[in-house]
Amino acid sequence: FGALCYCNTAASAEFNGEGGLFTLPGGTARLAVGGGLRANRMDYWRVFGGNSIGQFDIRRHATYAFAELFLPWIAPENSILGIRKLSLTLAGRYENYRDLEEVSTPKVGLVWEPVSGLAVKASWGESFKAPSFVQQYSAQTTTLRPITGYGTAFPTAATYITLSGGNPSLKPERAETLTATLQYRPEWASGFSASLSYFEIDYTDKIVALLTSYTGVLTNPRYADMVTFNPARSDIDKAIAEAALGLTLSGNPSTDLSRVKAIVDNRNRN
């Protein structure tokens, strides 16, 4: 009666190398570099009751490169008062997605040991995550619902439409990350280690479906950019045409589309 293919394939090729560059007071500066190609494909189809639902066959190609430079400024052999060890790490990554955009991210790391057994580690960096094929291309659901519990602002038997599912226009998620750790490993207690860490992550363009419930969505101003009030009939027809199963019903609404007073777009978004 039904069949499903959720088929993924992946292929990649990468090169990398690492070696010393020059000598610093704390040791040898080292550089690691690399790059590669990556190809992913997702072939999705579902047949239910003889109907094909939400079919897509998507490919994504990316090229990438990365580098990391380690700079040991001070080591125990040349330590000074208050600095037993000090090193700096600089890194960067570049990716180019043919179907998305180019992304470059830096990272900086610092390790400071004021005395033996006590270390302070800190890092700052940026990161990204490409939207998954499911987040972009999963089947859209278009649901007609009655407007009840929204006060007297809407006529009797009025309805609204909700959209959920994938969004092909998604951009990569980005984040800025700050971490700091204080670590204590005393020489007199072999195997003992204690640490205290702090981290802060600031997301940009995070991919979410904002609503888990539609309560208040038509009256709360915070959802205004998700709602189109008094939509044109062409917008209603488009929402239905793009749904894998056409128009579905929830809560016994009137099927008279002239009563639709709003469209709520709850598809995945940045």
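Here the structure is shown first, and the text comes after it.
Procedures and definitions
- The numbering scheme is per chain: residues are counted from 1 as the chain's sequence reads.
- Thresholds applied to this predicted model are a pLDDT of at least 70 for local features of residues and 80 or more for the giving and counting of side-chain atom pairs; totals over whole chains, interfaces and linings are not thresholded and use all residues.
- Just so you know, side-chain values use all the structure's heavy atoms and leave hydrogens and water out.
- Comment: elements are numbered from the N terminus, with helices defined as DSSP H or I runs of at least four residues and strands as E runs of at least two.
- Between the two quantities, the radius of gyration covers C-alpha atoms and the globule rule is 2.2 Å times the number of residues to the power 0.38.
- Residue contacts are counted whenever heavy atoms from the two residues lie within 4.5 Å of one another.
- In this scheme, strands are said to pair when DSSP sees at least two bridges between them.
- Think of each axis as a best-fit line through the C-alpha atoms, taken over the contacting stretch in the case of a helix, with angles from 0 to 180 degrees between the N-to-C directions.
- Note on aromatic contacts: the rings of Phe and Tyr and the six-membered ring of Trp form a pair at centre separations within 6.5 Å, being stacked when their planes are under 30 degrees apart, edge-to-face when over 60 apart, and tilted otherwise.
- Three labels apply to residues, based on accessible area from a 1.4 Å probe with only protein chains included: buried if under 20% of the type maximum, exposed if over 50%, partly exposed otherwise in between.
- A ring is scored as having a charge over it whenever the NZ atom of a lysine or the CZ atom of an arginine sits within 6 Å of its centre and within 35 degrees of its normal.
- Only protein atoms enter the 1 Å grid, on which a cavity is a set of points fitting a 1.4 Å probe that cannot get out and a pocket is an open set with protein on both sides within 12 Å along at least 5 of 7 lines, lining residues being those with an atom within 4 Å of a point.
- Grid points are joined across faces, edges and corners, and a volume is the space filled by probe spheres set on the points.
- The patch calculation keeps residues exceeding 30% relative accessible area without a salt bridge and links them within 9 Å when they carry like charges or within 5 Å when they are nonpolar (Val, Leu, Ile, Met, Phe, Trp, Tyr).
- To measure how exposed things are, a 1.4 Å probe is used in the Shrake-Rupley method; for residues, cover is taken only from the protein chains shown.
- By definition, a salt bridge exists where a carboxyl oxygen of Asp or Glu is found within 4 Å of a side-chain nitrogen of Lys or Arg.
- Positive charge is attributed to Lys and Arg, negative charge to Asp and Glu, and no charge count is given to His or to the chain ends.
- Each charge is placed at NZ for Lys, CZ for Arg, CG for Asp and CD for Glu.

Engineer: Before we go on, may I ask you to explain the overall build of the chain in this structure?
Structural biologist: In terms of helices and strands, the chain carries two helices and 13 strands. The globule rule puts the C-alpha radius of gyration for 270 residues at 18 Å, and the 27 Å found for the chain is more than 25% above it. Taken along its principal axes, the extent of the C-alpha atoms in the chain is 85 × 45 × 35 Å. In the chain, the proportion of contacts linking residues at least 24 apart, taken out of those at least 6 apart, comes to 66%.

Engineer: Would you explain unusual backbone geometry in this entry?
Structural biologist: Peptide bonds are trans in most cases, and residues, glycine excluded, mostly fall at negative phi. Positive phi, close to 70°, is recorded for Ala157, a residue that is not glycine. Considering the arrangement of structural elements, one finds Ala157 in the loop between strand S7 (141-146) and strand S8 (159-164). Although it is not a glycine, Asp205 adopts a positive phi angle of roughly 60°.

Engineer: I would appreciate a short explanation of the sheet that holds S7 in the present structure.
Structural biologist: Within a sheet, adjacent strands bond to each other through the backbone by hydrogen bonds, running parallel or antiparallel. Taken in spatial order, the five strands of this open sheet run S11-S13-S8-S7-S12, and their pairing is mixed. Strands at the two margins of the open sheet, each flanked by one partner only, are strand S11 (227-229) and strand S12 (247-249). If you compare each strand with its neighbour and ignore which way they point, the axes differ by 25° on average. When S7 meets S12, the two strands line up parallel, connected through three bridges. Bridged to Thr142 within S12 is Leu247. Sheet contacts for helix H2 (residues 233-241): S7, S8, S12 and strand S13 (260-265); angle to S13, the most-contacted strand, approximately 50°.

Engineer: Help me out: how do you make sense of the packing of aromatic side chains in this one?
Structural biologist: Here the distance between the centres and the angle between the planes together describe a pair of aromatic rings. Throughout the structure, instances matching the rule amount to two aromatic pairs. With centroids separated by 6.5 Å and ring planes inclined at 85°, the aromatic side chains of Tyr97 and Phe128 adopt a geometry described as edge-to-face. With Tyr97 in strand S4 (residues 85-97) and Phe128 in strand S6 (residues 118-129), this pair connects stretches of sequence that are 31 residues apart. For the residue pair Tyr97 and Phe128, the accessibility class agrees, reading buried in each case. Considering the side-chain rings of Phe133 and Tyr137, the 6.5 Å spacing of their centres and the 45° angle between planes classify their relative orientation as tilted. Taken together, the residues span about one helical turn, with Phe133 and Tyr137 both in helix H1 (residues 133-137) at a distance of four residues. For Tyr137, a relative accessible area of 23% corresponds to the partly exposed category. Taking NZ or CZ as reference, Lys206 lies 4.4 Å from the ring centre of Tyr203, over its face.

Engineer: Looking at this structure, I do not really get the layout of surface pockets. What am I missing?
Structural biologist: Here the idea is plain: a probe the size of a water molecule rolls over the atoms and shows the empty space left. In this model, the largest pocket occupies a volume close to 170 Å³. Together, Leu163, Met226, Thr228, Asp235, Lys238, Ala239, Glu242, Ile263, Asp265 and Arg267 line the largest pocket. Breaking the lining of the largest pocket down by element, the ones donating at least two residues are H2 and S13. For the lining of the largest pocket, the element with the highest residue contribution is H2, accounting for three residues.

Engineer: Just checking my understanding: could you explain a negative patch on the surface for this structure?
Structural biologist: Taken together, Glu126, Glu176, Glu200 and Asp202 make up a surface patch of like negative charges. Within the secondary structure, Asp202 is located in strand S10 (residues 194-204). Take Asp202: its relative accessible area is 43%, and that puts it in the partly exposed class.

Engineer: Could you clarify how one ought to interpret the pattern of salt bridges in this entry?
Structural biologist: Two side chains that carry opposite charge are able to pair once their charged atoms sit near each other. Applying the stated criterion across every chain yields a total of 13 salt bridges. We note a salt bridge from Asp57 to Arg41, for which the minimum N-O separation is 2.7 Å. Here the residue Asp57 occupies a position in strand S3 (residues 51-74), and Arg41 occupies one in strand S2 (residues 27-48), the gap between them amounting to 16 residues. Residue Arg233 is joined to Asp237 by a salt bridge in which the shortest nitrogen-to-oxygen separation is 2.9 Å. Linking Arg233 with Asp237, this pair stays in helix H2, spanning four residues, or about one helical turn.

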